[in-house]
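For reference, the chains in residue letters:
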Amino acid sequence: MEDQKKRKHNGGNRSRYQRQYKRDAKRNRYGDQHDDQDFEKQPDKDSLPTPVCPLCLNENTVHFSSAFKKNYYSCTVCTLVFVHQHYHVTEDKEKTRYQFHNNSPLDKKYVSFLQPAFNSLLPLLPTGARGLDYGCGPGPALSLMFGEKGHTMENYDPYFMPNDKVKQVEEGKTIEPFDFVTCTEAIEHFRRPKDDLDKLLLKGMVKTGGHLLFMTQFLKNDEMFATWHYPRDITHICFFRGSTFQWIAKHYQCELTLLDNENIAILKPTESTLSSSSSTSTTSTSTTSTSTTSTTSTDTSSDNATLTTISNPITNEQKDEYKA
């Protein structure tokens, strides 16, 4: 009898995931998933035009999932998974969502959340290195953490913190490159990650021999997607596998300094990186003819890159609470 009362109290046959999702929705952790202001209707996948991959511009993408009442696609070239652009929210709603992030540098839990990225990059830096936090959000913390170790770091966020150097690069001007750039829990929000990677790697924002760190939750296998917390955030539109970062490193002729098994990748631009800019457009447009329609099911544990495990005591729920 006591067990029956507990089951009734917990929502009968609803799964733990469904109950957690309902609680999260009430707390606005992920944002309102289906707002009529953003989506007039939920179209069938057959009524949507097949999207071009926003990372490699491959036109031969394949339907991947209809989870969360959205249509997601997978790229047969770079292995990126992404939501169809029909489901992109407005910029105003996107900015409002970011304002719910608990990104205070005074929050010990948030600093702990960033610690694995900080610990991975710090030993690679020269004394007094210059850095940039690209997509820092409304409450940057990494600049203070690196500052305490003698490094100077600027901040950039298109909504909250404009940066003169980033603007100059966007205008086609040359700047003194940074020794390192971090992009923590930001690349999954980019509508056209190719544009941002081109800006960072092909237009001289990161110096040759410097370091570009990405922190984003990896899609480890296809099966996890339907119950994964990451796509539930309305501003998360691109999902990266370990193999996606391997493709990025090869495409931009960078060394893949680190690819852990959870959420961190570090790229090191080489002498060939900047020289590859002239061939990038040709390579990107040729992916249509060279790609295949084979399955893109990928498990990063089998990738050829060396995987280095980094201890991260923060749970998935805490990860989402701080910077989704």
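Before any of the text, the structure's been laid out above.
Residues numbered from 1 in each chain as written. Predicted model: local features only at pLDDT ≥ 70, side-chain atom pairs only at ≥ 80, totals over all residues. Heavy atoms only, no water.

Draft legend 1. The arrangement of the overall build of the protein in detail. Helix and strand content of the protein: eleven helices and ten strands. Each of the 324 residues in the protein was classed as buried or not, and the buried ones make up 52%. In the protein, 72% of the contacts between residues at least 6 apart in sequence involve partners at least 24 apart. In the structure as shown, the protein presents an accessible area of about 15300 Å², 47% of it carried by carbon and sulfur atoms. (Helix = DSSP H or I, 4+ residues; strand = E, 2+ residues; numbered from the N terminus. Buried < 20%, exposed > 50% of the residue type's maximum accessible area, 1.4 Å probe, protein only. Contact = heavy atoms within 4.5 Å. Areas by Shrake-Rupley, 256 points an atom, 1.4 Å probe, with all protein chains shown as cover.)

Draft legend 2. Quick peek at the environment of Glu271. Within the secondary structure, Glu271 sits in helix H9 (residues 271-275). Along the chain, Glu271 and Lys207 lie 64 residues apart, while their C-alpha atoms are 9.5 Å from each other.

Draft legend 3. Main features of the nonpolar core. Core analysis: the biggest nonpolar cluster contains 54 residues, and Leu55, Phe225 and Ile248 have the highest contact counts within it. In terms of nonpolar packing, the next biggest core, distinct from the first, is built from 20 residues, Leu114, Phe118, Ala129 and Phe180 among them. (Core = buried A, V, L, I, M, F, W, Y, C linked by side-chain atoms within 4.5 Å.)

Draft legend 4. Structural detail: the packing of aromatic side chains. A complete count under the given rule lists 19 aromatic pairs for this structure. Ring centres 6.4 Å apart and planes at 65° place the aromatic pair Phe68 and Phe225 in the edge-to-face group. Linking Phe68 in the loop between strand S1 (61-65) and strand S2 (72-75) with Phe225 in the loop between strand S7 (206-215) and strand S8 (238-239), this pair joins segments that are 157 residues apart in sequence. Of the two residues, Phe68 and Phe225, both sit in the buried class. The rings of Phe64, Phe68, Tyr72, Phe225, Trp228, Tyr230 and Phe239 are connected pair by pair, giving a single aromatic cluster. (Phe/Tyr/Trp six-rings, centres within 6.5 Å; stacked < 30°, edge-to-face > 60°.)

Draft legend 5. Region of interest: unusual backbone geometry. Residue Lys69 is not a glycine yet carries a positive backbone phi of 60°. Note that Lys69 resides in the loop between S1 and S2. Under the relative-accessibility criterion, Lys69 is labelled exposed at 59%.

Draft legend 6. The arrangement of helix H3 (residues 91-98) in detail. Residues of H3 that are buried include every one of Lys93, Glu94, Arg97 and Tyr98, and no others. All buried residues of H3 project into a common sector of 140° when viewed along the axis, lining one side. (Arc of directions from axis to C-beta.)

Draft legend 7. Representation of the pattern of salt bridges within the structure. In this structure the tally under the stated criterion is eleven salt bridges. The partner of Arg191 in a salt bridge is Glu94, with the nearest N and O atoms 3.3 Å apart. Of this pair, Arg191 sits in the loop between strand S6 (178-184) and helix H7 (193-202) while Glu94 sits in helix H3; the two residues are 97 residues apart in sequence, bridging distant segments of the chain. A relative accessible area of 32% means that Arg191 is categorised as partly exposed. Put simply, Glu176 and Arg130 hold a salt bridge, and the shortest N to O gap is 4.0 Å. (Salt bridge = Lys/Arg side-chain N within 4 Å of Asp/Glu carboxyl O.)

Draft legend 8. How the structure looks around helix H4 (residues 108-121). Look at H4: 20 Å from first C-alpha to last across 14 residues, which is about the 20 Å you get at 1.5 Å a residue. At Leu114, H4 shows its maximal bend, which comes to roughly 45°, and the proline Pro116 appears one to four places after that position. Looking only at H4, the buried set comprises Tyr110, Val111, Phe113, Leu114, Pro116, Ala117, Phe118, Ser120 and Leu121. Put simply, Asp107 is the residue that caps the front of H4, since its side-chain oxygen is 2.9 Å from the backbone nitrogen of Lys109. (Expected span 1.5 Å × (residues − 1). Bend = angle between axes of the 7 residues up to and from the residue. Polar contact = N/O pair within 3.5 Å; in protein donor to acceptor, adjacent residues only side chain to side chain.)

Purely geometric stuff here, so don't read any function into it on its own.
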